[in-house]
Amino acid sequence: MKAIAAVDKNWAIGFQDNLLIRIPNDQKNFRKVTTGHTVVLGRRTLAGFPNGLPLPNRNNIILSKNPNFEVKGATVVHSFEELKEVLSEIESDDIYIIGGGKIYDMLVPYCDEAIITMIDYSYQADTYFPNLEKLPEWEMVEESEEETCFSIEYTFRKYVNHSPLPLV
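What counts as what
Residues numbered from 1 in each chain as written. Predicted model: local features only at pLDDT ≥ 70, side-chain atom pairs only at ≥ 80, totals over all residues. Heavy atoms only, no water. Helix = DSSP H or I, 4+ residues; strand = E, 2+ residues; numbered from the N terminus. Polar contact = N/O pair within 3.5 Å; in protein donor to acceptor, adjacent residues only side chain to side chain. Phe/Tyr/Trp six-rings, centres within 6.5 Å; stacked < 30°, edge-to-face > 60°. Buried < 20%, exposed > 50% of the residue type's maximum accessible area, 1.4 Å probe, protein only. Salt bridge = Lys/Arg side-chain N within 4 Å of Asp/Glu carboxyl O. Pairing = 2+ DSSP bridges.

By the secondary structure assignment, Thr38 is in strand β4 (residues 38-42). Reaching out from Thr38, the side chain makes a polar contact with the side chain of Asn59 at a distance of 3.0 Å.

Taken as a whole and judged by the stated rule, the model has six aromatic pairs. Ring plane angle 25 degrees and centroid distance 6.1 Å describe the contact between Trp11 and Phe129, whose orientation is recorded as stacked. Residue Trp11 is located in the loop between β1 (2-7) and β2 (12-15), and its partner Phe129 is located in the loop between β9 (127-128) and β10 (138-143); the two are separated by 118 residues in the primary sequence. An identical accessibility class is assigned to Trp11 and Phe129; each is buried. Between the aromatic rings of Phe80 and Tyr110, the centroid separation amounts to 5.7 Å while the plane-to-plane angle is 50 degrees, which identifies the pairing as tilted. One end of the pair, Phe80, is in helix α3 (residues 80-87); the other, Tyr110, is in the loop between α4 (101-107) and β8 (113-119), with 30 residues separating them in the sequence. Taken together, the aromatic side chains of Trp11, Tyr104, Phe129 and Tyr159 make up a single cluster linked through ring pairs.

A word on the pattern of salt bridges. This structure, assessed with the given rule, holds eight salt bridges. The salt bridge partner of Arg157 is Glu133, with a shortest N-O separation of 3.4 Å. One end of the pair, Arg157, is in strand β12 (residues 152-161); the other, Glu133, is in the loop between β9 and β10, and 24 residues separate them in sequence. Here Glu143 ties to Arg157 by a salt bridge, and the two come within 2.9 Å at their closest N and O atoms. With Glu143 in strand β10 and Arg157 in strand β12, the pair connects residues that are 14 residues apart, well separated along the chain. The exposure class of Arg157 is buried, given its relative accessible area of 17%. Several salt bridges share partner residues, and in doing so they unite Glu113, Glu142 and Lys158 into one network.

Overall, antiparallel pairing links the three strands, which are arranged β3-β2-β9 in an open sheet. What marks the edges here is a single partner per strand, and that holds for β3 (18-19) and β9. Where β2 meets β3, two bridges bridge the pair, whose relative direction is antiparallel. Bridge pairing links Gly14 to Leu19 in β3.

Laid out in structure tokens, this is it:
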């Protein structure tokens, strides 16, 4: 299982239920990496998508505590136990955790890899990705050349978790 996110210098990912910034090349990379796979996200992350609809060409699994929450074209689960049950039927390498903050906090320990767009800027934020630099089991194994979008510099990084928790 993998996590994918764009983070700022402080590992922030959002503010008031929105992304901090939209970088076209990051969004292109996200589409390339996740298309054809399973994505796991929370209800509030889904609400931030265009028209609040699931991502096309992906198996969307949405976690919501609301037992009446339903989404056409997606699987909705209402607990961590139910999520684990659904994920146990999917090849682990086919699963991408895409947010938001609570979903990352819950599932990053189970991931064996994280694909991070590291933005060289600090934004006002209220939602964060776990800081992999401070977690001893995580190691950065790849980093791209620095890229620029307007005046914002960023790199693509790959981290591996040397001791992911078992999902079952």
